[in-house]
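Examining the three-dimensional arrangement
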Amino acid sequence: MSNPTDYLLAVEGLTVSFDGFKAVNDLSFYVDANEIHVIIGPNGAGKTTVLDLICGRTRASGGSIKFRNKELTAMKEHEIVKAGVGRKFQNPSIYDDLTVFENLEISFPRGRSVFGALAFKRDAEVRDRVAEIAEMIFLTDHLDQRAEYLSHGQKQWLEIGMLLIQDPELLMLDEPVAGMSVNERKKTAELLNKIIQNRSVLVIEHDMKFVEDIAHRVTVLHQGKILSEGSMERVKNDPKVVEVYLGH
Amino acid sequence: MKQAIQSGSPFRVTGEMAGVLLLALFIVVVLPLGLDTFRLNMVGKYLTYAFVALGLVLCWGSAGILSLGQGIFFGLGGYCMAMFLKLEASSPEATKIQSTPGIPDFMDWNQLTALPWFWEPFHSLTFSVVAVVAVPALLAFVVGLAMFKRRVGGVYFAIITQAFAAILTILIVGQQGYTGGINGITDLRTLKGWDIRTDEAKLVLYFVNAALLIGCILLCLYVRHSKLGRILVALRDKEDRVRFSGYDVANFKIFVFCFAAALSAVGGAMFTLQVGFMSPSFVGIVPSIEMVIYCAVGGRLSLLGAVYGTLLVNWAKTLLSESFPELWLFAMGALFIGVVMVFPNGLAGLYQQYLAPHVKRALSRGRTIAPAPASATTSAIVPPHTAAD
């Protein structure tokens, strides 16, 4: 069908309609290796839907999503994860009844089949990796605490940590700093800059200050279509973007 | 200290083992010493329901999958056992007054002249014992595959399991010639020539049942402490997060549903052996819901709680229906409402909340060396309802 590309992620002609309403309409964009790509846009622009489509939560009505030249649209969710795509949800999505350690351990990419999980051993490799990630996400002192009792910001970090332990090549984050304090936001930007080594990150964010801090490339979505694309500098000065999004 | 906690908190494990030991002591030593054979046989019957309750703790408590059809698997396990025993009781000599000797009596009454094909393999004890576990597990697998792969869950799943329970009852009652109908399979006598109706046999079977129950509890503990056990809790909480962490969620649900079915089936087979018959009245909707109540009263998050809950509810049922037969149903309704509204984590939850702190303090006072404070910190951050076993 379409030709192989050098891009890590190539989204081409992606369309999804819900009862005739096209939430995403003939969308194409590309993510390079080691790139932080930010998607911005007004509410209802279809940002979250794009992430849903890439990770398989929503099925595309048309178009293709190629990850390292592998078509994702036909794959099941857990296969997409195994292919190297990690997804963080908008609201912190962690396991309240388990400890921080157990939350991270479940995401450790081993023993993912039923019997693999039964035979799974908590060995030194797992413990070291969990400790390493916990340090990155500032939660070393909370490992034995039930995740339920973490603050909102800490929960967001924990979920980012759960993705990091999977070591995905493409990390997708849906509003990672929403609801965070200024201090937490700063730490998150620091965290993101630390974790982009050897991986690409696709971020949805509203916080323009934060976007400026981290973005290599910005795509502006509006009504399921691309309004503008390029560096933050370029996008910021695009009159169309100012009119529908930034101007308000 | 931190290392010790992360490797699975040794105190909690030993605490659990102490609980299992205490239960074993209670059902293997205390009850046989304190009860006559008739009452002990009744307790043995109650304990067969405890297998179902154990399965529900994993399926419903851990994974959040409420099945209102566990009677199906209890019944199938029981029927597999009953078919073997019935064939042994239907030797040509014992049934020579029938028009077709050598087939079970109810078949003869229903004008059947040959043993149906699916009865044939039940001449073999080995086959029957395997079938006790395999048939219900296989049915659970098929139902689970059809439901969970399509992402049917919650209330819909519960209703569908009810429908299956109703279907199976109707099938058994309707196919009288093949199944014994509404009366079930009765008049079971011997197991490989060993008369199961004597007091002595009942005593032996009680202990076999108790040993199997303890074995199943240990097996459940193993599953719960494995990563699979934690994944079940995780998917009860945030199914999507588990799915997008690279797990095929449906497979885990199918596993736990089959596991619960197999446990129930062991209980069913032991029921047949101890009570001496099996009938559709243990298969349908009402018994299935009663089994959920046993589990809920004991505490759906606690394996041991579910066993005690089963014993307690059944003991109350016997007591009440002996003196006020018409009151039992109301009492059970009240019990269920009470559990849901007042103590949602059942007896085990109450224990954890009110008694466990005192027990722990008393225990740690008894000890002089270090491990006690470590356990105190873990229990402080684990609220009652997770540490419920």
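Residues numbered from 1 in each chain as written. Chains lettered and ligands numbered in written order. Predicted model: local features only at pLDDT ≥ 70, side-chain atom pairs only at ≥ 80, totals over all residues.

**So, the interface of chain B and chain A**
Counting residues at the interface gives 29 residues for chain B and 31 residues for chain A. The set of elements that each furnish at least two residues to the side of chain B that touches chain A consists of helix 1 (2–6), helix 10 (227–237), helix 11 (239–243), helix 12 (249–275) and helix 17 (371–381) of chain B. Top element by residues in the side of chain B that touches chain A is helix 10 of chain B. It accounts for seven residues. Here the residues of the side of chain B that touches chain A are counted per class, giving eleven nonpolar, nine polar and nine charged. (Contact = placed C-beta atoms within 7 Å. Helix = DSSP H or I, 4+ residues; strand = E, 2+ residues; numbered from the N terminus. Nonpolar A, V, L, I, M, F, W, Y, C, P; charged D, E, K, R; others polar.)

**Observations regarding the nonpolar core**
Nonpolar side chains in soluble globular proteins generally cluster together in the buried interior. Residues and elements named next belong to chain B. Core analysis: the largest hydrophobic core is formed by 174 residues, its most contacted members being Ala53, Leu54, Leu56 and Val256. A per-element tally of this core places helix 12 first, with 19 residues. If we ignore the near neighbours within four places in the chain, the residues touching Ala53 are Met291, Tyr294, Cys295, Gly298, Ala306, Val307, Gly309 and Thr310. (Core = buried A, V, L, I, M, F, W, Y, C linked by C-beta atoms within 7 Å. Buried ≥ 20, exposed ≤ 12 C-beta atoms within 10 Å, placed from the backbone.)

**Some details on the sheet that holds strand 4 (residues 62–67) of chain A**
Residue and element names in this part refer to chain A. As summarised here, the arrangement of the four strands in space is 2-1-4-5, forming an open sheet in which the pairing is antiparallel. Sheet topology places strand 2 (21–31) and strand 5 (70–71) at the edges, where each strand pairs with a single neighbour. Judged from the seven bridges that link them, strand 1 (residues 9–18) and strand 2 form a sheet pairing that is antiparallel. Across the sheet, the residue bridging to Ser17 is Lys22, located in strand 2. Docked against the sheet, helix 1 (residues 47–55) engages strand 1, strand 2 and strand 4, running at close to 70° with respect to strand 2. (Pairing = 2+ DSSP bridges. Axes fitted to C-alpha atoms, helices over the stretch in contact; angles between N-to-C directions.)

**Quick look at the packing of helix 3 (residues 37–62) of chain B against helix 14 (residues 303–323) of chain B**
Residues and elements named next belong to chain B. Helix 14 packs onto helix 3 with a crossing angle of 140° between their chain directions and a minimal axis gap of 8 Å. For the element pair helix 3 / helix 14, the angle class is oblique. Helix-helix and strand crossings are classified by hand; for helix 3 and helix 14 the assignment is right-handed. Between helix 3 and helix 14, the contacting residues are Met42, Tyr46, Tyr49, Ala50, Ala53, Leu54, Leu56 and Val57 on the first element and Leu303, Ala306, Val307, Gly309, Thr310, Leu311, Asn314 and Thr318 on the second. Here the contact of helix 3 with helix 14 is built from residues that sort into twelve nonpolar, four polar and no charged. (Parallel < 35°, antiparallel > 145°, perpendicular 65-115°, else oblique. Left-handed = near helix turned anticlockwise from the far one by under 90°.)

**Observations concerning the confidence of the model for chain B**
Residues and elements named next belong to chain B. On average, chain B scores 89 in pLDDT, and the residues at 70 or more come to 90%. Taken as a whole, residues 1–10 scores under 50 in pLDDT and shows 14 contacts with residues more than four places along the chain or in a different chain. Within the model, pLDDT remains below 50 along residues 369–389, and this stretch shows 40 contacts once partners closer than five positions in the same chain are excluded. Both confidence scores are given for the complex: pTM 0.90, ipTM 0.91. (pLDDT = per-residue confidence, 0-100.)

**Description of the environment of B:Ala146**
In this fold, B:Ala146 is placed in helix 6 (residues 125–148). Residues B:Ala146 and B:Ala250, 104 residues apart in the sequence, show an inter-C-alpha distance of 9.9 Å.

**Structural notes on the pairing of strand 3 (residues 36–40) of chain A**
All names here are of chain A. Counted residue by residue, strand 3 has five buried out of five residues, so it is predominantly covered. Residue alternation in strand 3 divides its side chains into two sets, Ile36, Val38 and Ile40 and His37 and Ile39, and both sets are buried. Where strand 3 lies against strand 8 (residues 200–204), four bridges are found, and the strand directions are parallel. Looking across to strand 8, one finds that Ile36 is bridged to Val201. Two elements, strand 3 and strand 9 (residues 217–222), share four bridges in a ladder whose sense is parallel. Bridge pairing links Val38 to Val218 in strand 9.

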